[in-house]
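Spelled out, the chains give:
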Amino acid sequence: MSDDVMRFFAAWMLTHEVADEGLKAAVLRGSGQVQGGMAADGPDAFVDGLAAMVAQRKEALKAELAAGSVAAATADEQKVVFDELRFEVAEMRGRIDEVQGTLETILAKLEAAGPARG
Amino acid sequence: MVVSARSRHITAVFAKRWLAGVWHSRFGLGGTARRRAAFAREWRLAFAELGPAFIKLGQLISVRPEEFPRELVAEMAVMQDSVSPLPASVIRRVVFEEFGRTPEQLFASFDDTPIASASIAQVHGAVLAHDVHPVWGETMPAGTEVVLKVVRPGAAEAVLGDLAEARRLLDAARRLGMLKDMDLHALLDEFEDSVVRELDLRVEAHIADRFAFDFRGDPKVEVPRVVWRTTTRRVLTMERMYGWRLTDLDDAAKEGIDGRALAIYGATAFMRQVMLHGRYHADLHPANLFVTPRNTIAYLDFGIVGHLTKTEREDIAQVLAGMVYRDAGRALRYSERLGVHVPAEKVAVVTRELGELLDSMLGSEGPRDFRHFGLGFLSLLRRHGVEIPTGYGLLVKSLATVEGCARSLYPDIDIMDVARPFVTQLIGESLGRPELLQERVERAFRAAMRELVA
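Trainee: Talk me through the environment of Leu 188 of chain B; I want residue IDs and the actual numbers.
Mentor: Residue and element names in this part refer to chain B. Topologically, Leu 188 is positioned in helix H8 (residues 184-199). Judged by its relative accessible area of 4%, Leu 188 falls in the buried class. Along the primary structure Leu 188 and Leu 60 are separated by 128 residues, whereas in three dimensions their C-alpha atoms are 9.4 Å apart. Setting aside chain neighbours within four positions, we find Leu 188 in contact with Leu 57, Leu 163, Ala 166, Arg 167 and Leu 170.

Next comes the structure, spelled out in structure tokens:
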């Protein structure tokens, strides 16, 4: 392996190392944004907060993979869609209840008015 | 021109209150602050004296801090919508007209003593005679306590009649060169919309169902279940909730209610409404919110509800991120997308002043005060002649109210800290949209290259 290729991989590793350290520092700063304890403000603080949130998601994803529950997450997404459908159907049932109430009202008023004359 | 007796009465009440305002402000010599406070108080008293339409109008003014002076908004916010109750016989007649049956034929029992009596409706207790399957939630078995919210007879006619009178008086006041600074016609239009909605209780019932669905699986939030079989335009039957109002928390504390946890949870629930569901309770005040013995929060009364599209939610998240992270440029840039147009020549000065406001109001140690910041921000925009869309002002006011409600439970709550994870997550999620990636990745790459070769 020539020295050029070695230098290329060394540069590549260095880039990753610097990026990784930068990201870890951002996650650390973002995680420190607790009540009354913000170290900084402005656009950088927002990026740190976002980095911390992404890191949390990464940990959650690792845990899901370890537990083999990624498929369950998909099932949760399906459940949301089915819940929406269930709600729409339930709302229709509510409307039918309302209509039934109206029919009972009409019937009660007709009965109170006495038999219709032919 | 024919002047009605009602019109003369309204004019007389305003004239009387105006004179009282002049007197209490020492003929304007007591200083601007004293004059404004005195007149705001007299306006509030006039509205209360003139009845339902004006009470409702006052409540609308209280959620429009961007349109009206701060003192007037504060006065209108404390106006209670409570009037002398109607005799039970009148309410029974409405129930009979709506259902063709007496309350006893519809329910296992009905209580003639009202629970509450407001300008538009009166509320009575009852007990279910049969099991009821609500749109969302557990079945309510026979024997479950419910409330009947009944629109007062003549309320619609009185309110709409007063509205017409108010329009006539407004035109007259304009012709005389008064009230130049306030867009009262827009307020009256909005008022008419909201009151017409409120007079049809089925609208509120649908919103309650939707809220119950939005908070499904959330053990800390309760929404009363609706009984559709006995709900019409003029009668709303829903589950009775017991608890403590936020003005009455001493008793709650004695019962071991965890105020801190509920304050944080209540504020979080509001953020979920705004950021996730795009529907939020825009009429929160201590009377519309209960803390229950089960250590939960119960929402009541869904008269005013704000709606937001997905794009609006993302833009609002960006504005809030600007506030949370004290990034004035971001807050203004995304406010523009929500209809807050700052003229190009004023962008620099408004950004600077907003930055100063963020530093002074939200930069201090300890819990930050969103209410003062929010109202200060709206006032800053007004001072620079920037028009503020109604929905934008309503949201700022709602956030400030949520902060107030949460602080009555737990004074040290920091609403900005509650908002932070929501805004960060919503913005983070929006980053993956293909159109945004297409727009931003090229710029991000160029910026990275600029840094590398600098």
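After presenting the structure, the write-up continues.
Trainee: Explain the nonpolar core to me, using residue names and the numbers behind them.
Mentor: Residue and element names in this part refer to chain B. If you look at the biggest cluster of nonpolar residues, it comprises 117 residues, and the most contacted ones within it are Met 275, Met 323, Phe 370, Phe 377 and Tyr 392. Among the elements that line this core, the one with the most residues is helix H16 (residues 390-409), at 10 residues. Residues contacting Tyr 392, with those up to four places away along its chain left out, are Val 319, Ser 335, Leu 338, Val 340, Phe 377 and Leu 378. The next biggest cluster of nonpolar side chains, apart from the first, holds 16 residues, and it includes Ile 91, Val 95, Leu 106 and Val 150.

Trainee: For the sheet that holds strand E2 (residues 121-127) of chain B, give the residues involved together with the corresponding values.
Mentor: Residues and elements named next belong to chain B. Taken together, 4 strands build an open sheet; the order of strands is E1-E2-E3-E5 and the sheet is antiparallel. At either margin of the open sheet sits one strand with a lone partner, and together these are strand E1 (109-117) and strand E5 (235-239). Across the sheet, the axes of successive neighbouring strands diverge by a mean angle of 25°, strand direction being ignored.

Trainee: Summarise the sheet that holds strand E4 (residues 221-222) of chain B; cite the residues concerned and give the values.
Mentor: All names here are of chain B. The strand order across the open sheet formed by 4 strands is E4-E9-E8-E6, and the pairing between neighbours is mixed. Pairing within the sheet leaves two strands with one partner each, and these edge strands are E4 and strand E6 (244-245). Strand direction decides the pairing type here: E4 and strand E9 (residues 297-299), joined by 2 bridges, are parallel. For Val 221, the partnering residue across the bridge sits in E9 and is Ile 297. With respect to the sheet, helix H11 (residues 259-277) is in contact with E4, strand E8 (289-291) and E9, its orientation differing from that of E9 by roughly 40°.

Basis of the calculations
Residues numbered from 1 in each chain as written. Chains lettered and ligands numbered in written order. Predicted model: local features only at pLDDT ≥ 70, side-chain atom pairs only at ≥ 80, totals over all residues. Heavy atoms only, no water. Helix = DSSP H or I, 4+ residues; strand = E, 2+ residues; numbered from the N terminus. Buried < 20%, exposed > 50% of the residue type's maximum accessible area, 1.4 Å probe, protein only. Contact = heavy atoms within 4.5 Å. Core = buried A, V, L, I, M, F, W, Y, C linked by side-chain atoms within 4.5 Å. Pairing = 2+ DSSP bridges. Axes fitted to C-alpha atoms, helices over the stretch in contact; angles between N-to-C directions.

From the geometry alone we can't say anything about function, so treat these as descriptive.
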